[in-house]
Each structure stands twice: as C-alpha cells, then as structure tokens.
Protein chains: 2
Amino acid sequence: MKKQEYTEKQIRMARYAKALGNPARVAIIDFLARQETCFFGEIHEQLPIAKATASQHLSELKEAGLIQGEIMPPKVKYCINKENWMEAKALFGEFFGQCVCKNRQCCG
Amino acid sequence: MKKQEYTEKQIRMARYAKALGNPARVAIIDFLARQETCFFGEIHEQLPIAKATASQHLSELKEAGLIQGEIMPPKVKYCINKENWMEAKALFGEFFGQCVCKNRQCCG
DNA sequence: TGATTTGTTCGTAATTTTACGAATAAATTT
DNA sequence: AAATTTATTCGTAAAATTACGAACAAATCA
C-alpha cells in the first residue's frame, strides 16, 4: 500500500533543510546568529558572491521563515526569526534524536 | 573585504541540509531511523513516488553519507550511516545552538 | 531453462536553483 | 535639484533537481 502523502512535519523539515542546503545561506545564518547588527551590506561583505545573489539568498531564507528583514532607510536590517528558528531547532532535534542506531546491528 | 571561501563546517552543513531538503528524503530517513529491516521495497512502499524516483533519492542520501546500502540478493538493504549521522547531528546541534536571539532585541 | 522478483540505470522533460551584471527604487547627502 | 548610497528586482544563462516509464541486470523460483 502506497503512502498517500508526507506528514506536515516532514514537509516543514524539508523546507527548513532546503533553505539551509547552500553554503552561502548557512554562512548567512552563522553570521546573523552571532551579530547584534546585521545590515545587508555587512552580510554581503562576508560572502564570496555578488550583491544580487546575496539578496536572493536572503529572500529564500526569509521565505523559509528563518530570518526576517526590517527596512531602515537607506539600509535593511536582517535578523533571525526567533519563533521559526525555535521550531526548526525543535524539528531537527527530534529528527536527529529518533535514530535507534545504537540499539541494533544495522547494515554491515 | 570579501570572504574568500566558506568554512568546511558550512560546506558540510549545507551538504547534509541539502540532502534533507526534500520531503521524500526526510520520509526515507524517518522510516530508516526506526526500522530494523529496511529493504528497498519496504521503503518504496512508504512513499508516494515511483520506484525509479525512490531509488534516485536513496542514491542522493547515500552520496551525502546519511545512509548506506548493502546488497542481499535479490534485495538491497538500506540503513542509517551511523558515523555520518552522528556528525550531522552534531553539526546541526551546534548550528541551532549558536543563536544569541534570547540575549538581544533583534529586529522589531 | 524460462519466468519472476528486485532494484538500478537510462533517457527524457519540466521545473528550480544559482549566479551575474544592469537597471531600478528609495532615501540621504551635497 | 543632482549626486550618492543602499539594496532589490529584472533579465538571462547554465546547471541541478525531480519525476516518470522503459529497459536492463542479477539472483531466485518453477
């Protein structure tokens, strides 16, 4: 019998994972997670990519819910979205906690 | 000054995250993490996708190092790759632990 | 031996991702 | 008002992802 759908958790996990599935986006989060101030320019300075590309990656992280932006003309301030960050943290925690590897022979 | 490269950790994080960036692959891991036996057929049964596609997703998970396969003619047994699983777990744990959100105002 | 079971690989198509420079928009500075 | 600063959006191109059915390979069963 074929499963009809994925669970909501699986879909959300995949969504967050996908957002983190690029070194530039991981680097952006690494940076944002440790900074008080986080203007676009500062973020872009950390990355070996063009401005347009950095902006695109920030959009994807925002779309995924991991970060949020606030316009402070003429700059834009970005930061971690706390609520979704916590959700992602919990999802990944649960995900990586579920393996019963230690209790069995596994392959090989 | 532009950063020249991403760190090894960032690259590895992104690699694991990317592998988990699809609901089918999350579902596969969810299943494998809880099963003693894990033949291809059983895995495929859980998924709303074609055999060829399931095989492809398993390849990607294997390539990323999260799972491993063992041929048991005429079947193929898959399971979590413990060593890399632990590494990924540690990487994600560290990643999600680094946010200083709680100690600051953040955006808004 | 021939048929069946099991899973991968091939060929292909549609979509998404990643990246860049140029153009643009919005506010500030001169 | 004109020039500058800041960041996004546009247009585009190359590559990767996702999906499928058909063909194939490898071992077992009848």
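Before reading on, note that the structure itself is shown above.
Residues numbered from 1 in each chain as written. Chains lettered and ligands numbered in written order. Predicted model: local features only at pLDDT ≥ 70, side-chain atom pairs only at ≥ 80, totals over all residues. Heavy atoms only, no water.

Draft legend 1. Structural detail: the protein's contact with DNA strand D. Taken together, 21 residues lie around DNA strand D, and Ser55(A), Tyr78(A), Lys18(B), Arg25(B) and His57(B) are the ones closest in. Near the protein, within 4 Å, the atoms of DNA strand D are sugar or phosphate in 73% of cases. The separation between a base nitrogen of DNA strand D and a polar side-chain atom of Lys51(A) is 3.1 Å. Contacts to DNA strand D include Ala50(B), whose backbone N or O atom sits 2.8 Å from a phosphate oxygen. Those elements that place two or more of their residues in the surface near DNA strand D are α3 (40–46), α4 (51–64) and β2 (75–80) of chain A together with α4 (51–64) of chain B. In terms of residue count, the dominant contributor to the surface near DNA strand D is α4(B) (five residues). The class makeup of the residues in the surface near DNA strand D is 10 nonpolar, six polar and five charged. (Near = heavy atom within 4 Å. Polar contact = N/O pair within 3.5 Å; in protein donor to acceptor, adjacent residues only side chain to side chain. Helix = DSSP H or I, 4+ residues; strand = E, 2+ residues; numbered from the N terminus. Nonpolar A, V, L, I, M, F, W, Y, C, P; charged D, E, K, R; others polar.)

Draft legend 2. Up close: unusual backbone geometry. Between Pro73(A) and Pro74(A) the backbone carries a cis peptide bond, its omega angle lying at 0°. Mapped onto the fold, Pro74(A) is located in the loop between β1 (67–72) and β2.

Draft legend 3. Structural context of the protein's contact with DNA strand C. In the vicinity of DNA strand C, 21 residues are found, and the nearest of them are Lys18(A), Arg25(A), His57(A), Ser55(B) and Tyr78(B). Considering the 4 Å shell around the protein, atoms of DNA strand C inside it are sugar or phosphate in 69% of instances. Arg25(A) is positioned such that a nitrogen or oxygen atom in its side chain is 2.8 Å from a phosphate oxygen of DNA strand C. Note that a base nitrogen of DNA strand C is positioned 3.1 Å from one of the side-chain N or O atoms of Gln56(A). Taken together, the elements giving at least two residues each to the surface near DNA strand C come down to α4 of chain A together with α3 (40–46), α4 and β2 (75–80) of chain B. If you tally residues by element for the surface near DNA strand C, the top one is α4(A), at five residues. Partitioned by chemical class, the residues of the surface near DNA strand C number 10 nonpolar, six polar and five charged.

Draft legend 4. Helix α2 (residues 23–34) of chain A, seen in detail. If you check α2(A), its first and last C-alpha atoms are 17 Å apart, about what 12 residues at 1.5 Å a residue would give, namely 16 Å. In terms of residue burial, α2(A) counts as a mostly covered element, since 10 of its 12 residues are buried. (Expected span 1.5 Å × (residues − 1). Buried < 20%, exposed > 50% of the residue type's maximum accessible area, 1.4 Å probe, protein only.)

Draft legend 5. Expanded view of the side chain of Asn81(B). All names here are of chain B. On the secondary structure map, Asn81 appears in the loop between β2 and α5 (82–97). A residue is classified by how much of its surface remains accessible, and Asn81, at 17% relative accessible area, is buried. Engagement of the side chain of Asn81 in a polar contact is seen with the backbone nitrogen of Glu83, the distance being 3.2 Å.

Draft legend 6. Here's a closer look at the pairing of strand β1 (residues 67–72) of chain B. Residue and element names in this part refer to chain B. Of the pairings in the sheet, the one linking β1 to β2 comprises six bridges and is antiparallel in character. Along β2, the bridge assignment pairs Ile71 with Val76. The antiparallel hairpin formed by β1 and β2 contains two residues in its connecting segment. (Pairing = 2+ DSSP bridges.)

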